[in-house]
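# A look at the structure
Letter by letter, the chains look like this.
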Amino acid sequence: MPLAKPTVTQIQDLAARYPSKQSAIIPALWAVQHEQGYVTEEAMAEIAQHLGLPPSLIEATASFYSMFLTRPEGRHDVVICINAPCMLRGADETVAYLERQLGVRDGGTTADGAITWHSTIECLGACGGAPMMQVDHRFEENLTPERIDAIIERLRKEPAPHAAAPKRAEAIAPAKPEKVRAATRPRAKKVQD
Amino acid sequence: MAIKPLLTKDFATENLEQLKVYERTGGYAGFKKALEMQPDALVDMVKKSGLRGRGGAGFPTGNKWSFLPKGVYPRYLVCNADESEPGCFKDRYLMEESPHQVLEGILIASYAIGCNLAFIYIRGEYLPQHEALENAIDEARQAGYLGKNVLGKGYDIDVILHRGAGAYICGEETAMLTSLEGYRGEPRLKPPFPAVKGLYGKPTVVNNVETVANLPHIVLNGADWFKAIGTPTGSGTRLWCMSGHVNRPGNYEMENGTPIRELIEDHGGGVWKNRKLKAFQPGGASMMVLLPEHLDVGLDFDAIQKAGSLAGAGAMVVMDETTCMVDAARRYVKFFEHESCGKCTPCREGTYWMANIFDRFEGGEAKPGDIDLLLDIGYNIDGRSFCPLGDASTWFPRSVIKFFRDEFQEHISEKGCPFKKVAQEAVA
């Protein structure tokens, strides 16, 4: 899927804004993820073209950072911290509850495509409000079973947070997640060749 | 010791994130005063104030500034807003509540070091804080605090807000610069230090969010005023991020030197559920554990170091008597394993190995030699890694083995976690 015009313009503006166009790589990846929901190899090639850099540079950078998604996920992104400060205030129990309520394992997407969730050992910076999670990158703190239920109910109804996200929801094939994964990970095949 | 809120003194003011409200509380007066001064005089002032970096290492800020080689331009300022140390959430609070205070500090620092383009590297997870800073930058630009010929004083300054994408290592200053240049966030060899060869190979200063937030107050009130707050070697206040088993977790601004007891007992309301304090950890995931006997140590870089830990980035993780210290250490080790950038072998392989051994302890498969094996691996990572990430991954687990070795033994003899068994029996 080629990038939308506003995204292309944004990438070109970014390249002009920094003293080095290479510095625009991470912001450009964000712009693409914002538009398409995840970053494909095709999109990385397009970023490379607009920045006048080799595609390998874009891929090398993108693969280092855990927040860049390489395959479509649910409309909403839920991340729950299990690092020590959160553990002390019941993060493990909260994770177990969330897993039960959503009916999918850590890293999975609910059958209706509404929520992809995973636990993380990376501290999210809300230890004072533990147990906590981030919902679409916004903080939900001092979680209780009741609060989690309310959040899940809201997310099941709400559209994806980004303007261009309905496209992202369409792209999801919840029944065949393995196929989607294979389609967006052609790089492993190349290595085998 | 009485608390003198400095950074948070106006945080009760509604809509402080708006420029007009911030100006009413005295905002940007520090920057205006700074523009009337010679940059060198500003550097001297900050040196005299004794301000030390709030990011973790506690390096004197004014000295850092004065390391820039004379006559080499352009120079860059990078504000480190990549707060990711487990246990720390202070920079987030400062950016949320008073983004203009942070921005004003950046403008003052930029002017002092002769920089015309500053960067804020903010972690990708901090989206609301990103938005708060973005608004602040827009407002400041419109008001003429930012841009060409600022306030008619002939000084040009622009600020780029740069969003990271989920890598703890980018909080390390050279990894941050590499990331800002668009590469994988791997640290660089020092020397050359960023002050000499930093961003794009140019002289660069990297300062933490809380460090720069102090600058407007220092400029307005003077170096002597700031020096009088806190301890002789630790001027000012610090934000302490208290979490874990306390009644009132949260951010507390404390004058440096205040006893740890006051923070935990008076402000945090003491250990929750009427339980006893087992241990606490200042500084964040990296730092060594301390015991109840250390409660009267002052909240200060030097005092905490003397007690056997480090003040780091100002976290205070409190653990009550029911805490499994092995599991706490396991979480931190797994965190470092996850965040190791993979550049150097001791850290990449060592953290992975330690994490495996910790899993054995929790899973009831640990062998008698595993405690010493952990110490041995730790010894071989610490001081042999490329950057402090590897070193720091060993400090907490090694200190836990030192003070709580019997808990590791119990995990071996009981073939699993004794604390989880107690909890399960209580539920049953």
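Position numbers for residues start from 1 in each chain and track the written sequence from start to end. Going through the entries in the order they are written, you letter the chains from A and number the ligands from 1. Whole-chain, interface and lining totals are the exception, using all residues; otherwise, since this is a predicted model, local features are given only for residues with pLDDT of at least 70 and side-chain atom pairs are given and counted only at 80 or more.

## Let's talk about the interface of chain B and chain A
By definition, residue pairs are in contact when their C-beta atoms, positioned from the backbone, come within 7 Å. In this assembly, 46 residues from chain B lie in contact with 34 residues from chain A. Helix and strand assignments come from DSSP, with helices taken as H or I runs of at least 4 residues and strands as E runs of at least 2, each series counted from the N terminus. Breaking the side of chain B that touches chain A down by element, the ones donating at least two residues are α7 (127-142), β3 (158-163), β7 (237-244), β8 (250-255), β10 (315-320) and α13 (325-339) of chain B. Each residue is assigned to one of three groups, with Ala, Val, Leu, Ile, Met, Phe, Trp, Tyr, Cys and Pro labelled nonpolar, Asp, Glu, Lys and Arg labelled charged, and all others, Gly among them, labelled polar. Across the side of chain B that touches chain A, the residue classes break down as 22 nonpolar, 13 polar and 11 charged.

## A look at the sheet that holds strand β1 (residues 76-81) of chain A
Residue and element names in this part refer to chain A. Strand pairing requires that DSSP identify at least two bridges connecting the strands. One open sheet accounts for four strands, arranged β2-β1-β3-β4; its pairing is mixed. Two strands lie at the open edges of the sheet, namely β2 (115-120) and β4 (138-140), each paired on one side alone. Going across the sheet, the axis of each strand differs from the next one's by a mean of 25 degrees, ignoring polarity. Note: strand β3 (residues 133-135) against β4, three bridges, orientation antiparallel. Residue pairing for β4: Gln-134 is matched across the bridge by Phe-139. Axes here refer to lines fitted to C-alpha atoms; in helices the fit is confined to the stretch in contact. Angles between the N-to-C directions go from 0 to 180 degrees.

## Remarks on the domain arrangement of chain A
Domain segmentation is taken from an automatic or database assignment of domains. Along its sequence, chain A is organised into domain 1 (5-62) and domain 2 (76-160). On a C-alpha basis, the centres of domain 1 of chain A and domain 2 of chain A stand 30 Å from each other.

## Examining α13(B)
Residue pairs spaced three or four apart in an α-helix point in one direction, given the helix's 3.6 residues per turn. In this model, α13(B) (15 residues) spans 21 Å end to end at C-alpha, consistent with the 21 Å of a helix rising 1.5 Å per residue. Partly exposed residues are those falling between the two cut-offs: more than 12 but fewer than 20 other C-beta atoms within 10 Å of their own, whereas 20 or more means buried and 12 or fewer means exposed, with C-beta atoms placed from the backbone. Counting buried positions over the 15 residues of α13(B) gives 14, a clear majority of the element. By this rule, a helix spans an expected 1.5 Å times one less than how many residues it contains.

## Notes on the pairing of strand β9 (residues 277-282) of chain B
Residues and elements named next belong to chain B. Counting buried positions over the six residues of β9 gives six, a clear majority of the element. Sheet topology places β9 next to β10; five bridges connect them, and they run antiparallel. By the bridge assignment, Leu-277 is partnered in β10 with Asp-320.

## Describing the environment of B:Val78
Take B:Val78: it is sitting in strand β1 (residues 76-81). The sequence separation of B:Val78 and B:His217 amounts to 139 residues, and the corresponding C-alpha distance is 20 Å.

## Quick look at the pairing of β8(B)
Residues and elements named next belong to chain B. For β8, the tally of buried residues reaches five of six residues, placing the bulk of the element in the interior. One ladder, built from six bridges, connects β7 with β8; its direction is antiparallel. In the strand pairing of β8, Trp-240 is matched with Tyr-252. Hairpin connection from β7 to β8: five residues lie between these consecutive antiparallel strands.

## Digging into the packing of helix α6 (residues 91-102) of chain A against helix α7 (residues 145-157) of chain A
In a packed pair of helices, the relevant descriptors are the angle between the two axes and the axis-to-axis distance. Residue and element names in this part refer to chain A. Remark: α6 packs on α7, axes separated minimally by 11 Å, with the N-to-C direction vectors making an angle of 40 degrees. By the criterion of interaxial angle, the relationship of α6 to α7 is oblique. Where α6 crosses over α7, the two elements pack in a sense that is right-handed. Across the interface between the two elements, Tyr-97, Leu-98, Gln-101 and Leu-102 from α6 touch Pro-145, Ile-148, Asp-149 and Ile-152 from α7. Taken together, the residues of the contact of α6 with α7 sort by class into six nonpolar, one polar and one charged. Geometric relationships in this document are graded by angle, where less than 35 degrees denotes roughly parallel, more than 145 denotes roughly antiparallel, 65 to 115 denotes roughly perpendicular, and other angles denote oblique. By definition, any crossing whose near helix is turned counterclockwise from its far helix by less than a right angle is left-handed, and any crossing with a clockwise turn is right-handed.

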